[in-house]
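The chain contents come next:
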Amino acid sequence: MKHRIITIDGPAGAGKTTISNLLARQLGCVYVDTGALYRGVAYEIKQQQVDWENDECLGGFLKDLDLNFVMEKGNLVLISSKKDITSYIRTPEITMLASATSARPRVRSALLDIQRTIAQSQDAVFEGRDMGTVVFPDAQFKFFLFADLSVRAKRRFEEMAEEQKDIQKVQRDMEKRDTNDSQRKEAPLKAAIDAIKIDSSYLTIPEVVAKILKNIQKS
Ligand code: DC
């Protein structure tokens with residue numbers, strides 16, 4: 001049986017994570033934050049000091065990579081070789097390394113299988129950069145969330161821990177990441193032609209969720 005797949009793509013800070021999570025709860029299905037997988041790869045690359053620009057080293061590392069998600073009390077937990085690494089993957093350093101390493105075709109193809117396997121057994125909301133374009137081109141519902149850079153930087157700044165606060169740096173890093181993610185050759189960040197585009201700059205989270213639900217329910 002084919003499961004219902006909803007894709008939500010867009011740049012960092014557009015509200016994808018919160019919105020996808022709320023949407024999945026309302027629809028009673030799972031939510032998959034694919035950015036966490038790319039962050040998990042970056043975390044392990046750093047830990048194991050992998051020469052990721054060298055395809056042979058990268059290939060060897062990816063062959064032994066054992067990443068997956070488990071759901072705990074409604075929250076996604078990222079497991080790498082039986083270890084919970086969820087709390088280590090959101091640092092600014094891992095964020096930038098995830099953006100750089102995600103441009104490597106070998107990284108993308110290793111994670112493609114993990115994502116499609118999850119979709120085989122359940123209905124799900126998948127959040128990322130290439131969900132509607134590459135990973136699930138046949139998804140029933142596709143959305144692309146975006147917002148002004150300054151609004152996105154402010155949102156991210158407000159979520160950050162006190163000691164990391166520097167809004168200018170947050171905005172610079174975000175802009176660099178937008179450029180990396182949308183200009184890479186392999187599966188760049190872009191809206192699928194059949195995605196519904198939503199500008200979240202001046203909408204609240206419940207307003208965006210309501211817009212998405214309305215689109216799902218009317219079809
Ligand atoms: O969604 P996020 O900010 O946690 O993602 C971290 C990085 O991972 C992002 O800068 C690019 C990469 N990524 C990707 O290339 N494809 C995805 N589907 C999700 C994330």
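Just so you know, these numbers come straight off a predicted model, no measurement behind them.

Participant: Describe the sheet that holds strand E4 (residues 75-80), with residues and values.
Facilitator: Strand order across the open sheet formed by three strands is E3-E4-E5, with antiparallel pairing between neighbours. The sheet terminates laterally at strand E3 (67-72) and strand E5 (83-84), the two strands that pair on one side only. In the sheet, E4 pairs with E5 via two bridges, with the strands oriented antiparallel. In the strand pairing of E5, Ser-80 is matched with Lys-83.

Participant: Lay out the nonpolar core with the relevant residues and their values.
Facilitator: In this structure, Val-41, Ile-45, Phe-61, Leu-67, Phe-126 and Phe-136 are the most contacted members of the largest nonpolar core, which totals 34 residues. Ignoring sequence-local partners within four residues, the contact set of Phe-136 consists of Ile-5, Thr-7, Gln-115, Arg-116, Ala-119, Phe-126, Met-131 and Lys-142. If you look at the next biggest cluster of nonpolar residues, it comprises 18 residues, including Ala-24, Phe-143, Leu-145 and Ile-212.

Participant: Which residues make up the site of the ligand, and what are the values?
Facilitator: In the vicinity of the ligand, 17 residues are found, and the nearest of them are Arg-39, Arg-108, Arg-177, Asp-181 and Arg-184. Within the side chain of Asp-130, an N or O atom sits 3.0 Å from a nitrogen atom of the ligand. A distance of 2.8 Å is found between an oxygen atom of the ligand and a side-chain nitrogen or oxygen belonging to Arg-177. Burial of the ligand by the surrounding chains reaches 97%, relative to a free accessible area of 440 Å². The leading source of residues in the shell around the ligand is helix H2 (residues 34-47), at four residues. The class makeup of the residues in the shell around the ligand is three nonpolar, five polar and nine charged.

Participant: Quick one: what's the story with helix H9 (residues 205-218), residue by residue and with numbers?
Facilitator: Each full turn of the α-helix corresponds to 3.6 residues, which orients residues three or four apart in the same direction. In this model H9 runs 20 Å from its N-terminal to its C-terminal C-alpha over 14 residues, within 8% of the 20 Å that 1.5 Å per residue would give. For H9, the full list of buried residues reads Val-208, Val-209, Ile-212, Leu-213, Asn-215 and Ile-216. Buried residues of H9 fall within an arc of 160 degrees about the axis and therefore sit on the same side. The outward face of H9, more than 90 degrees from its buried face, is lined by the exposed residues Pro-206, Lys-214, Gln-217 and Lys-218.

Participant: Go over helix H8 (residues 167-183) with me, naming the residues and quoting the values.
Facilitator: When the terminal C-alpha atoms of H8 are compared, their 24 Å separation across 17 residues agrees well with the 24 Å that a helix rising 1.5 Å per residue should span. Buried within H8 we find Val-170, Asp-173, Met-174, Arg-177, Asp-178 and Asp-181. All buried residues of H8 lie within an arc of 145 degrees about the axis, which places them on one face of the element. Residues of H8 that are exposed and point more than 90 degrees away from the buried face comprise Gln-168, Arg-172 and Gln-183. The N-terminus of H8 is capped by Asp-166, whose side-chain oxygen sits 3.2 Å from the backbone nitrogen of Gln-168.

What counts, and where the lines are drawn
- Residues numbered from 1 in each chain as written.
- Predicted model: local features only at pLDDT ≥ 70, side-chain atom pairs only at ≥ 80, totals over all residues.
- Heavy atoms only, no water.
- Pairing = 2+ DSSP bridges.
- Helix = DSSP H or I, 4+ residues; strand = E, 2+ residues; numbered from the N terminus.
- Core = buried A, V, L, I, M, F, W, Y, C linked by side-chain atoms within 4.5 Å.
- Buried < 20%, exposed > 50% of the residue type's maximum accessible area, 1.4 Å probe, protein only.
- Contact = heavy atoms within 4.5 Å.
- Near = heavy atom within 4 Å.
- Polar contact = N/O pair within 3.5 Å; in protein donor to acceptor, adjacent residues only side chain to side chain.
- Areas by Shrake-Rupley, 256 points an atom, 1.4 Å probe, with all protein chains shown as cover.
- Nonpolar A, V, L, I, M, F, W, Y, C, P; charged D, E, K, R; others polar.
- Expected span 1.5 Å × (residues − 1).
- Arc of directions from axis to C-beta.

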